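What the coordinates show
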Amino acid sequence: DKKTVIITGASSGLGLAAAKELANSGEWMVIMACRDFTKGEKLAIELGFPEGSYSVMHLDLAANNSVKQFVQTFRARNIQLDALVCNAACYFPNAHKQGAFLPGLFPGGGPRWSADGHELSFATNYLGHFLLCNLLLEDLKKSSVKPARCIILGTVTASINDKEVGGMIPPLADIGQLQGMQSGMKKPITMIDEGVFNGAKAYKDSKVCDVMLMRELHKRFNASTGISFTSLYPGCIADTGLFREHYPVFQFLFPVLQKSITNAYVSEGEAGRRLAKCVADPDYSKSGSYFSWGGESGTGGAGGTDAVENTDASNDRFQQYGSFKTLREDEI
Ligand code: NDP
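Below or above, wherever it landed, is the structure these notes cover. Just so it is clear, the structure is predicted and the values come from calculations on it, not from any experiment.

1. Looking at the site of the ligand
Close contacts around the ligand come from 30 residues, with Ser 11, Ser 12, Lys 39, Tyr 203 and Thr 240 the closest. The backbone of Leu 14 places a nitrogen or oxygen atom 2.8 Å from an oxygen atom of the ligand. One of the backbone N or O atoms of Gly 241 is found 3.2 Å from an oxygen atom in the ligand. Protein contacts shield 97% of the accessible area of the ligand, which totals 900 Å² for the unbound molecule. Residue assignment for the shell around the ligand shows that the elements contributing at least two residues are α1 (13–24) and α6 (199–225). Of the residues in the shell around the ligand, the class split is 14 nonpolar, 11 polar and five charged.

This is the structure in structure tokens:
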């Protein structure tokens, strides 16, 4: 019998590559949780996913009702859930300020909103996954696979990584004292620190929250449920759809920079294998870990070297941004 993994945002980039890896392993049934059902189905067929190794289900993380509906529909199928991968994300790098930025020439402009009135990248990357994890915790708890796994995508832009230029490019993540959250984090509030809207920072902040979420789930629920909560940075996949709204010149130069200068570049295929390890490989099951990989070049190519595992001590790096410290156990 196959094990079951849900991967959000499996219709593009990293999510699709990991889905392919796991579907082809013969050991996993991959539930591709996609906002665009048809796109997911079409890609799975085009990429030759074996019959019975995948199933596409509709999930729009930017609408709480959709998340709840997804969980209900999944439960109605009566399948055991063994792993959940919170991968989907959106990024609006050109949305620098309230109002349009050079309207017509570049997409972006001001903030966009989720169905529930939250800034769209905060809602998709963090809030939707927060709700999904909360609801599916019950299901993961019942898995006969030990440990069942709950995995989220962090990024170097949400941590301090002296090896990679990408993480240092301003604006840096800063969630301040969570003032935006305290004020409800709903339209017109866009930023967690209640500052002026900045699309790139909103993405980075949401990723900080994603990593914090796994740390908190680990602290609160690992001992009682046995579920393993981890996060990872798979290397810089500089040419995925994530950068679809960036300036064309950036889309061209960013992969070149990451390949030739920072050596942080990793292909979708290799990044997909790395994420698949976090789902399936016993070496990547330790709850509370943040796995961080380097680029593909210099790591022996496909397969790469193993990730650097950052557990409690080095996770403190995350506390260097904004209010991470305010969420330490003793301060909650
Ligand atoms: P892509 O844009 O290629 O993939 C993102 C996926 O999320 C797409 O499948 C997209 O759907 C889906 N998605 C977006 N909004 C929603 C929504 N509201 N509901 C459901 N699904 C949604 O980006 P990547 O593959 O690069 O990113 C995957 C993850 O990896 C992200 O969490 C990102 O932060 C992380 N990451 C990426 C890095 C990189 O260098 N690219 C580096 C570090 C981390 P659709 O197919 O319909 O567009």
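What follows continues from the structure just given.
2. Let's talk about the side chain of Lys 201
You can see Lys 201 is positioned in helix α6. In this structure Lys 201 comes out as buried when scored by relative accessible area, which is 11%. A distance of 2.8 Å separates a polar side-chain atom of Lys 201 from the backbone oxygen of Asp 174. Apart from residues lying up to four places away in sequence, Lys 201 is in contact with Pro 171, Leu 172, Asp 174, Met 191 and Asp 193.

Rules and cut-offs
Every residue gets a number counted from 1 within its own chain, in the order that chain's sequence is written. For this predicted model, a pLDDT threshold of at least 70 governs which residues receive local features, and a threshold of 80 or more governs which side-chain atom pairs are given and counted, while totals over whole chains, interfaces and linings are taken from all residues. The basis for every side-chain value is the complete set of heavy atoms in the structure, and neither hydrogens nor water enter the calculation. Nearness of a residue to a molecule or strand requires only that one of the residue's heavy atoms be within 4 Å of it. Throughout this description, a polar contact denotes any pair of N or O atoms lying within 3.5 Å of each other; where both atoms belong to protein, one of them has to be capable of donating a hydrogen while the other can accept it, and for residues adjacent in sequence the pair is counted only when both atoms sit in side chains. Shrake-Rupley sampling with a 1.4 Å probe provides the accessible areas, and residues are treated as covered by the protein chains on show and by no other component. Only DSSP runs of H or I covering at least 4 residues are called helices, and only runs of E covering at least 2 are called strands; the numbering of each starts at the N terminus. When residues are grouped by polarity, Ala, Val, Leu, Ile, Met, Phe, Trp, Tyr, Cys and Pro land in nonpolar, Asp, Glu, Lys and Arg in charged, and all others, Gly among them, in polar. Each residue is placed in one exposure class: buried if its accessible area under a 1.4 Å probe, protein chains only, is under 20% of its type's maximum, exposed if it is over 50%, and partly exposed if it falls in between. Residue contacts are defined here by distance: any two heavy atoms, one from each residue, within 4.5 Å place the two residues in contact.

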